[in-house]
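# Working through the structure, step by step
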Amino acid sequence: MRVSISSGHTANTGAQAHDGTDEWSHNERLRRLVVKELEQRGHVVKTHYRAINKSYYSAMKKLAAEIKIFRADVCLELHFNSASPKAHGYEFLYYRGSKKGKLLALCLSSTFGDMFTGSIQPRRGTGILPRGRVNRGSAYLRLTPCPAVIYEPGFASNPKEWGILKATLYGQAIAIADGLESYCHEEKCSGY
């Protein structure tokens, strides 16, 4: 399987966690673990970074072109949510109308939910959420040439969820790899 992965936002930016950690820095640690886990399982992984000093849409067009050149089977962008200290729940975002994107989100949500049973619950229903053209993250989900998911494992503004997210980076990497492989078994990805 060929996987494109990125830490959402650009260096030292993004939402703020309860303790002030920025989204990009936290997700860079998670990204490294996911890449290592997938490569140990024999998959080809490439990290793609968002262009600096470009509008969101321009950065996503450039990122999508790079993912197309790489010939990714799937792509995943790592994030976390931040709102009030009481906000809670995980969600996996996919582009509305993308059956493969929805299946990828379901596979990731399933392995993630199995790992966090009893601690972090889905934000809504199964934890998967379609995004339309005007929703947050829609350009990434719509422009990429393969099924794409935005990974939002919980609210870092919630002290309890942030503590869990920080303490389970390796477990999240395993859950992500398991979810991607589950999807690939269903879709018979290239080289798999």
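Residues numbered from 1 in each chain as written. Predicted model: local features only at pLDDT ≥ 70, side-chain atom pairs only at ≥ 80, totals over all residues. Heavy atoms only, no water.

## So, the sheet that holds strand β6 (residues 148–152)
Neighbouring strands of a sheet are bound in pairs by backbone hydrogen bonds; such pairs are parallel or else antiparallel. The sheet built from six strands is open, its strands ordered β2-β1-β3-β6-β4-β5 with mixed pairing. Sheet topology places β2 (44–47) and β5 (128–131) at the edges, where each strand pairs with a single neighbour. Ignoring which end each strand starts from, the neighbouring axes of this sheet average 25 degrees apart. Alignment of strand β4 (residues 91–95) against β5, held across four bridges, turns out to be parallel. Directly across from Phe-92, in β5, lies its bridge partner Ile-128. Contacts from helix α1 (residues 23–40) reach β1 (2–7), β2, β3 (74–78) and β6, with the element oriented near 165 degrees to β1. (Pairing = 2+ DSSP bridges. Helix = DSSP H or I, 4+ residues; strand = E, 2+ residues; numbered from the N terminus. Axes fitted to C-alpha atoms, helices over the stretch in contact; angles between N-to-C directions. Contact = heavy atoms within 4.5 Å.)

## Points about the nonpolar core
Counting 37 residues, the largest nonpolar core has Phe-92, Ile-176 and Leu-180 as its most contacted members. The set of elements that each furnish at least two residues to this core consists of β1, α1, β3, β4, α3 (99–115), β6, α5 (159–167) and α6 (169–187). With seven residues, the top contributor of residues to this core is α6. In this structure, Ala-51, Leu-63, Phe-70 and Ala-148 belong to the second largest nonpolar core, which totals 17 residues. (Core = buried A, V, L, I, M, F, W, Y, C linked by side-chain atoms within 4.5 Å. Buried < 20%, exposed > 50% of the residue type's maximum accessible area, 1.4 Å probe, protein only.)

## Points about the packing of aromatic side chains
This model, assessed by the stated rule, comprises seven aromatic pairs. Aromatic side chains Phe-112 and Tyr-151 sit 5.8 Å apart centroid to centroid with 90 degrees between the ring planes, which places their arrangement in the edge-to-face category. In this pair, Phe-112 sits in helix α3 while Tyr-151 sits in strand β6, placing the two residues 39 residues apart along the sequence. Neither Phe-112 nor Tyr-151 differs from the other in exposure class; each is buried. What links up through ring pairs into an aromatic cluster is the set Tyr-90, Phe-92, Phe-112 and Tyr-151. Across from the ring centre of Phe-70, 4.4 Å away, lies the NZ or CZ of Arg-2, which sits over that ring. (Phe/Tyr/Trp six-rings, centres within 6.5 Å; stacked < 30°, edge-to-face > 60°. Lys NZ or Arg CZ within 6 Å of the ring centre and 35° of its normal.)

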